[in-house]
Amino acid sequence: MKKAILIILGLFILVVGVLAIVIATRPDDYTISRSASFAGPPERVFEQVNDLRKWKAWSPWAKLDPEMKETYSGQESGTGSTYTWAGNNEVGEGRMTIIDSRPYEAVKIDLEFLKPFSSKTLTEFSMKPDSGKTNVTWTMSGKHDMVSKAFGLFIDMDNMVGTDFEKGLAQMKTIVESGQ
């Protein structure tokens with residue numbers, strides 16, 4: 001009986017050790033990016049991403065919690081503009097601060113999730129004019145900790161977040177192209 005317990009314990013330690021090695025060797029960095037082409041100039045896209053108050057109209061997460069608490073501070077738009085939210089389990093709690101705003105070219109945002117898990121990422125929207133259209137790219141990049149590396153073994157973050165980016169870009173496209 002003791003021998004069987006020792007064998008089972010040894011196998012358990014081996015499996016945990018192998019899993020720890022697999023998790024530790026996963027990439028430290030991640031980037032999730034999606035692009036879309038909008039009819040119209042970059043100015044209209046820039047207005048939507050540079051003013052955090054406008055995100056409510058196109059953000060894929062804005063309608064997930066009608067009771068979500070939202071606060072805006074700092075500049076009204078552009079560098080220094082900050083948005084904080086606290087909501088249900090689907091939207092969690094966090095803060096976004098625009099750290100770089102280049103008119104009609106790009107907006108960079110420090111994105112900090114506080115709940116349900118803590119993490120920091122860099123989010124960027126870039127806009128490039130192309131024959132009367134604007135190519136828009138929404139990118140999020142950051143560093144994995146051990147928990148997110150382990151999570152990534154079971155959940156495809158690129159697919160999960162990328163799908164939300166696609167929804168947001170589609171909703172923003174409707175607004176930009178309608179001239180709202």
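Everything discussed here concerns the structure shown above.
Everything quoted here is computed from the prediction, not taken from an experiment.

K.L.:
Would you mind showing me how to read the packing of aromatic side chains here?
P.N.:
Aromatic ring pairs are described here by two measures, namely the spacing of the ring centres and the angle between the planes. Applying the stated criterion across every chain, the model contains 12 aromatic pairs. Residues Trp55 and Phe125 carry aromatic rings whose centres are separated by 5.4 Å and whose planes lie at 85 degrees to one another, so their mutual orientation is edge-to-face. On the criterion of sequence distance, the pair formed by Trp55 in the loop between helix 2 (42-50) and strand 2 (69-73) and Phe125 in strand 6 (residues 119-130) is long-range, its members being 70 residues apart. Judged by centre distance (5.7 Å) and plane angle (80 degrees), the ring pair of Trp58 and Trp138 falls under edge-to-face. Placement of the pair is Trp58 in the loop between helix 2 and strand 2 and Trp138 in strand 7 (residues 133-143), with a sequence separation of 80 residues. Through pairs of rings, three or more aromatic residues link up here, namely Trp55, Trp58, Trp61, Phe125, Trp138 and Phe165.

K.L.:
Explain the pairing of strand 3 (residues 82-86) to me, please; I cannot follow it from the model alone.
P.N.:
Every regular strand shows the same layout, with side chains that alternate between the two sheet faces. Pairing between strand 2 and strand 3: five bridges, direction antiparallel. By the bridge assignment, Tyr72 is partnered in strand 3 with Tyr83. As consecutive antiparallel partners, strand 3 and strand 4 (residues 93-102) are separated by six residues, and within that stretch Gly92 has a phi angle of approximately 65 degrees, a positive value.

K.L.:
Explanation requested: the sheet that holds strand 7 in the structure shown.
P.N.:
Each strand in a sheet pairs with its neighbour through backbone hydrogen bonds, running either in the same direction (parallel) or in the opposite one (antiparallel). What the seven strands build is an open sheet, ordered 1-7-6-5-4-3-2; its pairing is antiparallel. The open sheet has two edge strands, strand 1 (29-39) and strand 2, and neither has a second partner. On average, each strand axis in the sheet is inclined to that of its neighbour by 15 degrees, with strand direction left out of account. Bridge count for strand 4 against strand 5 (residues 106-115) is nine bridges, and the pairing is antiparallel. Note on strand 5: the bridge partner recorded for Gly94 is Phe113. Sheet strands in contact with helix 2 are strand 1, strand 4, strand 5, strand 6 and strand 7, and its direction is about 165 degrees off that of strand 6.

What counts and how
Residues numbered from 1 in each chain as written. Predicted model: local features only at pLDDT ≥ 70, side-chain atom pairs only at ≥ 80, totals over all residues. Heavy atoms only, no water. Phe/Tyr/Trp six-rings, centres within 6.5 Å; stacked < 30°, edge-to-face > 60°. Helix = DSSP H or I, 4+ residues; strand = E, 2+ residues; numbered from the N terminus. Pairing = 2+ DSSP bridges. Axes fitted to C-alpha atoms, helices over the stretch in contact; angles between N-to-C directions. Contact = heavy atoms within 4.5 Å.

Such coordinate-based values are descriptive only and should not be taken to indicate function.
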